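# Residue-level structural notes
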Amino acid sequence: EIASCLVGSEMCIRDRMREHTGGMKQIRVELINTGTEILLGSIVNTNAAWLGNRLFEAGFRVERETVVPDGYAINEAMRESARRADIVIVSGGLGPTSDDVTREALCDVCGVDMHRDEQVAERLKSYFERRGISIAECNFKQAMVPDGAAVLENSNGTAPGLVMPASGSLPMFILLPGPPSELKPMVEQSVMPLLEDLADEDIPHLRVFRLVGIGESDLQELVDDSLHQVEGLEVAYCARIGEVDVRLVGSEVALKQGEARLRILAGAYVLTPAGVSLEKAVVLHLAEQGLKVATAESCTGGLIAKRITDVPGSSGVFEFGWVTYADRAKTKMLGVPEDILKLHGAVSEPVVKAMAEGALDRSGADVAVAVSGIAGPGGGSPEKPVGTVWLAWAFRGGETRTEMMLYPRDRGSFRQMVSQKALAGLLDARRREQVTE
């Protein structure tokens, strides 16, 4: 049904591309996501991120994404996208309720009527019968199909997808259900086979390198000019708390040249393997060295240990972790002397040093990291303002390294930044130890 419905659609899309660009350029894809709950912030729009990545893997670049509320705002969004794109993918608005009007919007934009598809209606009846539920009449709204459209079966829900072939001045429209558990299988089973003949033969490749220990602006100053000298290489940066991603897009030849230049200029900051998270890089590094790590945390409340244990296989390198928030916990569990706490305070170099060495001794690990700081918003002083943190890394048979940092940020960002620094220090300190050996 789909194949027969789409005869001539590929040629129409190619004709549109020539008309818009003057030659055979990459197919322009746009996404439209419907749902008032997305705009209200009630849910995160994971569909757009997943579709963008999945389409890129198949050789398509999403050029624009639009989010509209439930209702007839979808009509205008579809008309706008139709003027620019060759393929428009819409998610959401295919359910049985009054605010699900994506089918009606497609009919309006394409100038067609709808008809009831009896095969879809029978599948809806069977779906509810298998679950012992009587079907409400409004559910048959999902059996209405725009004239000329093909139906994409939904094996995980009630709302079928729809494909309207490209024709004349109109692009191909692909309508998908909103729930990710329904959208993703439909894309894999029906949409990807449909689009594979349209994908560029010269599919661009993506490689992401994650760097820690350098800021976004400093990194750009260091590598940008050199990377942009590589022909056909697209370069972009994405900064997060305590790390920067460098995204390279291009042919395999361009990517190899770009990676070589990046590693020569900023190799000391690049996590290995390429693109892994900091916590995974730490776990892999410790596993390769045959080392065990322990954590002693105050201000981060266990976040460092959580990030390590989020990595599969972390049990091979992590066995002990302490959250010693109160002073008496530092003394009782890690052996921090009470007189040091009274003299210097919990957020101090002597205390965090004693925490790391206590964790190392009690765990039997090879390396321990400890942190103690003032996350805020209260608790600071002129001598120790909010955002002050002391970190320590203790190595069995080696010296304990300490460092004081100031991160005057909100509580969540502070904790994330401290955990970044603590994890990165495990790599840095070990490398220095290897050099001295």
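Details of the structure are given in the entry above.
Residues numbered from 1 in each chain as written. Predicted model: local features only at pLDDT ≥ 70, side-chain atom pairs only at ≥ 80, totals over all residues. Heavy atoms only, no water.

### What about the overall build of the protein?
The number of helices and strands found in the protein is 16 helices and 16 strands. Here the protein has a C-alpha radius of gyration of 28 Å; the compact-globule value for 437 residues is 22 Å, and the former is much larger. For the protein, with 437 residues in total, the buried portion stands at 49%. If you take every contact in the protein between residues at least 6 apart in sequence, the share linking residues at least 24 apart comes to 67%. Carbon together with sulfur atoms contributes 50% to the accessible area of the protein, which is approximately 20400 Å² in total. When the 46 basic and 62 acidic side-chain charges of the protein are each reduced to a single mean position, those positions are 5 Å apart. (Helix = DSSP H or I, 4+ residues; strand = E, 2+ residues; numbered from the N terminus. Rg over C-alpha atoms; globule rule 2.2 N^0.38 Å. Buried < 20%, exposed > 50% of the residue type's maximum accessible area, 1.4 Å probe, protein only. Contact = heavy atoms within 4.5 Å. Areas by Shrake-Rupley, 256 points an atom, 1.4 Å probe, with all protein chains shown as cover. Lys, Arg positive; Asp, Glu negative; His and termini not counted. Charge placed at Lys NZ, Arg CZ, Asp CG, Glu CD.)

### Overview of the pattern of salt bridges
Following the criterion strictly, the structure yields 21 salt bridges and no others. The partner of Asp 245 in a salt bridge is Arg 240, and the shortest N-O contact between them spans 2.6 Å. Salt-bridge contacts for Glu 357 lead to Lys 353; the nearest nitrogen and oxygen are separated by 2.9 Å. In this pair, Glu 357 and Lys 353 are both assigned in helix H15 (residues 349-363), four residues apart and thus about one turn of the helix distant. Of the residues examined, Lys 353 reaches a relative accessible area of 33% and is grouped as partly exposed. (Salt bridge = Lys/Arg side-chain N within 4 Å of Asp/Glu carboxyl O.)

### Structural notes on a nonpolar patch on the surface
Together, Leu 222, Ile 264 and Leu 265 make up an exposed nonpolar region whose accessible area comes to about 280 Å². Checked against the element boundaries, Leu 222 lands in helix H9 (residues 216-227). Among the residues examined, Leu 222 registers a relative accessible area of 36% and is labelled partly exposed. (Patch = residues over 30% accessible without salt bridge, like charges linked within 9 Å, V, L, I, M, F, W, Y side chains within 5 Å.)

### Description of the pairing of strand S7 (residues 161-164)
Residues Gly 161 and Val 163 of S7 are buried on one face, and the alternating residues Leu 162 and Met 164, pointing to the opposite face, are buried as well. Of the pairings in the sheet, the one linking strand S6 (residues 150-152) to S7 comprises three bridges and is antiparallel in character. Each bridged residue has a counterpart across the sheet, and for Leu 152 the counterpart in S7 is Gly 161. One ladder, built from three bridges, connects S7 with strand S8 (residues 172-176); its direction is antiparallel. Each residue of the ladder has a partner; that of Met 164, found in S8, is Phe 173. (Pairing = 2+ DSSP bridges.)

### Quick notes on the sheet that holds strand S10 (residues 234-240)
As summarised here, the arrangement of the three strands in space is S9-S11-S10, forming an open sheet in which the pairing is antiparallel. One side of each edge strand has no neighbouring strand; the edge strands of this open sheet are strand S9 (205-212) and S10. In this sheet, neighbouring strand axes are inclined to one another by 20 degrees on average, regardless of whether the strands run parallel or antiparallel. Looking at chain direction, S10 and strand S11 (residues 243-250) are connected through seven bridges and run antiparallel. Opposite Ala 236, over in S11, you have Arg 247 as the bridge partner. (Axes fitted to C-alpha atoms, helices over the stretch in contact; angles between N-to-C directions.)

### Quick notes on the sheet that holds strand S15 (residues 388-395)
Spatially, five strands are ordered S13-S12-S14-S15-S16 in an open sheet, and the strand pairing comes out mixed. Each of the sheet's edge strands pairs with one partner strand only, and the pair in question is strand S13 (318-323) and strand S16 (401-406). This sheet shows a mean twist of 15 degrees between the axes of neighbouring strands, independent of strand direction. Across six bridges, the pairing between S15 and S16 is antiparallel. Each residue of the ladder has a partner; that of Trp 390, found in S16, is Met 404. H15 contacts strand S12 (293-297), S13, strand S14 (367-373), S15 and S16 of the sheet and is inclined by roughly 145 degrees relative to S14.

### A short note on the environment of Val 311
As for its position among the elements, Val 311 is in the loop between helix H12 (303-309) and S13. Sequence separation of Val 311 and Ala 239 is 72 residues, and the distance between their C-alpha atoms is 22 Å. Residues within four places of Val 311 in sequence aside, it is in contact with Glu 279, Lys 280 and Val 283.

### Quick notes on the state of the cysteines
What the rule picks out here adds up to zero disulfides. With no disulfide of its own, Cys 107 lies 7.7 Å from the sulfur of Cys 110, the closest cysteine sulfur. (Disulfide = S-S within 2.5 Å.)

### Quick look at the side chain of Ser 298
Mapped onto the elements of the fold, Ser 298 is located in the loop between S12 and H12. On the accessibility criterion, Ser 298 (7% relative accessible area) is buried. Excluding anything up to four places from it in sequence, Ser 298 contacts Thr 324, Tyr 325, Lys 330, Met 355, Val 371 and Ser 372.

### A word on the environment of Glu 129
Within the fold, Glu 129 resides in helix H7 (residues 118-130). Between the alpha carbons of Glu 129 and Glu 216 there is a distance of 57 Å; along the sequence they are 87 residues apart.

### Some thoughts on the packing of H9 against helix H10 (residues 252-266)
Where H9 meets H10, the axes come as close as 10 Å, and the angle between the chain directions of the two elements is 145 degrees. Seen from above, H9 lies across H10 with right-handed handedness. Here H9 contributes Leu 219, Leu 222, Val 223, Ser 226 and Leu 227 to the contact with H10, which in turn contributes Gly 258, Arg 261, Leu 262, Leu 265 and Ala 266. Tallied by class, the residues present in the contact of H9 with H10 amount to seven nonpolar, two polar and one charged. (Left-handed = near helix turned anticlockwise from the far one by under 90°. Nonpolar A, V, L, I, M, F, W, Y, C, P; charged D, E, K, R; others polar.)

### A few points about helix H11 (residues 278-289)
Relative to the 16 Å expected for 12 residues at 1.5 Å per residue, H11 spans 17 Å between its end C-alpha atoms, a close match to the ideal helical length. Buried within H11 we find Leu 278, Glu 279, Ala 281, Val 282, Val 283, His 285 and Leu 286. (Expected span 1.5 Å × (residues − 1).)

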